[in-house]
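Analysis of the macromolecular model
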Amino acid sequence: MFIQKFNNNININNNNTQYINENENFLQFNQIFNDLIFACKDQNSSRIIQKQFEVAPVQLKNAIFKKIYHETFELMKDQFGNYVIQKLFEKGLPEHKKQLFQVLIENTQDLCLHTYGCRVIQKAIEELQEFPLLQEQIIDELSNNIMDYIQDQHGNHVIQKLFECVDCSKLQVIIDDIIQNVIYLYQVLIYFIFNFMIKKIQTLAFHPYGCRVIQRILEFCQPQQTKQIYQKLKENLILLCKCQYGNYIIQYIIENGLEEDKQYLLQVVKKNFVSLSLNKFASNVTEKSILYSNDEFKYGVLENLLRLNQNNEQNI
């Protein structure tokens, strides 16, 4: 009915006629409007609907929203429908965003752990910066299950988005929870010992998704917030260097960390340079240390290598 009225208005309004002429998708949209929920779940129709939110007037946006609102949760988890909801968060009216947000808050955990739902939450976090009270609500909701989200293949992206888009001073509750569990995120699970020495450590010391969140904290948070994280990491530096995932965090500190933390880490690397260089993952750390250190460090490494070589020659 709305589309029919809208078409009638087109015939008597030059501005609307120009609008329709410029929008080549409108006739297609007219055909799918009556079955909008089904159309949202179709790849091509979903794109047509998204396009309408780029150019449509307020009345048409309201009509679309009214049609799909009762199925928004279902669409948030749909392969193509989730893009329509993301576009609503991006181009919808403020009242649309607020109503969608309520659906999101009521289903936060389900959406965070879902392949497509997590994308909707990330978009909401981006677009709700103009609504600080709503943003605080989603932070509170996420903090209830923060460790589950960090370790989930989809949820970890939501937590990363928080640290990218939200003032870190508002995330202290989440940061405190992560600090308490940071050792768990990179705990070594399996050791193999051969010929009285460790030849290889097959490890999941860093969780494959948890390590990404830790890097985001180090990247975006204030020094007073990251200091506690660094203190926890220092307790297991050698294991982290040799870890399939943890070595990336150590590399990040060497390249971007505070000078005090960087120098502490470089001293550990210098002291264990040979053993780390012979490890598949830790060798990435030693390479990074050479690239991002001063001459004093390089000379120190060289002296240690020469001293080791002399000792080996004396033992022959």
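Identification of the protein chain as Pumilio-family RNA binding repeat protein from Ichthyophthirius multifiliis is taken from an unreviewed UniProt entry.

A few words on a nonpolar patch on the surface. Residues Val274, Leu278, Leu305 and Leu308 make up a contiguous nonpolar surface patch of roughly 350 Å² in combined accessible area. Its place among the elements puts leucine 308 in helix H23 (residues 295-315).

On the secondary structure map, lysine 98 appears in helix H9 (residues 94-106). Along the chain, lysine 98 and phenylalanine 131 lie 33 residues apart, while their C-alpha atoms are 8.9 Å from each other. Once residues within four sequence positions are removed from consideration, lysine 98 is found in contact with Phe131 and Leu134.

On to the nonpolar core, then. Counting 83 residues, the largest nonpolar core has Ile49, Leu104, Ile138, Leu162, Phe163 and Leu218 as its most contacted members. In terms of domain composition, this core takes at least three residues from each of domain 1 (17-166) and domain 2 (197-311).

The positions UniProt marks with the feature "repeat: Pumilio" (unreviewed entry) are residues 31-66, 67-102, 103-140, 141-176, 195-231 and 232-267. In residues 141-176, the share of helix is 67% and the share of strand is 0%. The end C-alpha atoms are 15 Å apart.

At a minimum axis distance of 9 Å, the contact between helix H11 (residues 117-127) and helix H14 (residues 155-165) shows a crossing angle of 10 degrees. Relative to H14, H11 is oriented roughly parallel. Between H11 and H14, the residues in contact are Cys118, Ile121, Gln122, Ile125 and Glu126 and His157, Val158, Lys161, Leu162 and Cys165, respectively. Split by residue class, the contact of H11 with H14 holds six nonpolar, two polar and two charged.

With respect to the helices, strands and loops of the structure, histidine 96 is situated in helix H9. Under the relative-accessibility criterion, histidine 96 is labelled buried at 2%. Apart from residues lying up to four places away in sequence, histidine 96 is in contact with Lys61, Asn62, Phe65 and Leu88.

In a structure, side chains of opposite charge can pair up when their charged atoms sit close to one another. Across all of its chains, the model carries eleven salt bridges by this definition. The partner of glutamate 54 in a salt bridge is lysine 91, with the nearest N and O atoms 4.0 Å apart. Taken together, the positions of glutamate 54 in helix H5 (residues 43-55) and lysine 91 in helix H8 (residues 81-91) put the pair 37 residues apart, joining distant regions of the chain. On the basis of relative accessible area, glutamate 54 is assigned to the partly exposed category, the value being 39%. Across the salt bridge formed by lysine 161 and glutamate 126, the nearest N and O atoms sit 2.8 Å from each other. You can see lysine 161 sitting in helix H14 and its partner glutamate 126 sitting in helix H11, a full 35 residues away along the chain. Judged by relative accessible area, which is 14%, lysine 161 ranks as buried. Classification of glutamate 126 as partly exposed rests on a relative accessible area of 26%. Among the charged side chains, a network of salt bridges with common partners joins Glu54, Lys87, Glu90, Lys91, Lys123, Glu126, Lys161 and Glu164.

Moving on, we come to the packing of aromatic side chains. Evaluation of the coordinates by the stated rule reveals one aromatic pair. Of note, lysine 234 hangs over the ring of tyrosine 264, and the distance from its end group to the ring centre comes to 4.6 Å.

Criteria and thresholds
- Residues numbered from 1 in each chain as written.
- Predicted model: local features only at pLDDT ≥ 70, side-chain atom pairs only at ≥ 80, totals over all residues.
- Heavy atoms only, no water.
- Patch = residues over 30% accessible without salt bridge, like charges linked within 9 Å, V, L, I, M, F, W, Y side chains within 5 Å.
- Areas by Shrake-Rupley, 256 points an atom, 1.4 Å probe, with all protein chains shown as cover.
- Salt bridge = Lys/Arg side-chain N within 4 Å of Asp/Glu carboxyl O.
- Helix = DSSP H or I, 4+ residues; strand = E, 2+ residues; numbered from the N terminus.
- Contact = heavy atoms within 4.5 Å.
- Core = buried A, V, L, I, M, F, W, Y, C linked by side-chain atoms within 4.5 Å.
- Buried < 20%, exposed > 50% of the residue type's maximum accessible area, 1.4 Å probe, protein only.
- Domains from an automatic or database assignment.
- UniProt positions renumbered as here; feature names shortened; annotations may be inferred.
- Axes fitted to C-alpha atoms, helices over the stretch in contact; angles between N-to-C directions.
- Parallel < 35°, antiparallel > 145°, perpendicular 65-115°, else oblique.
- Nonpolar A, V, L, I, M, F, W, Y, C, P; charged D, E, K, R; others polar.
- Phe/Tyr/Trp six-rings, centres within 6.5 Å; stacked < 30°, edge-to-face > 60°.
- Lys NZ or Arg CZ within 6 Å of the ring centre and 35° of its normal.

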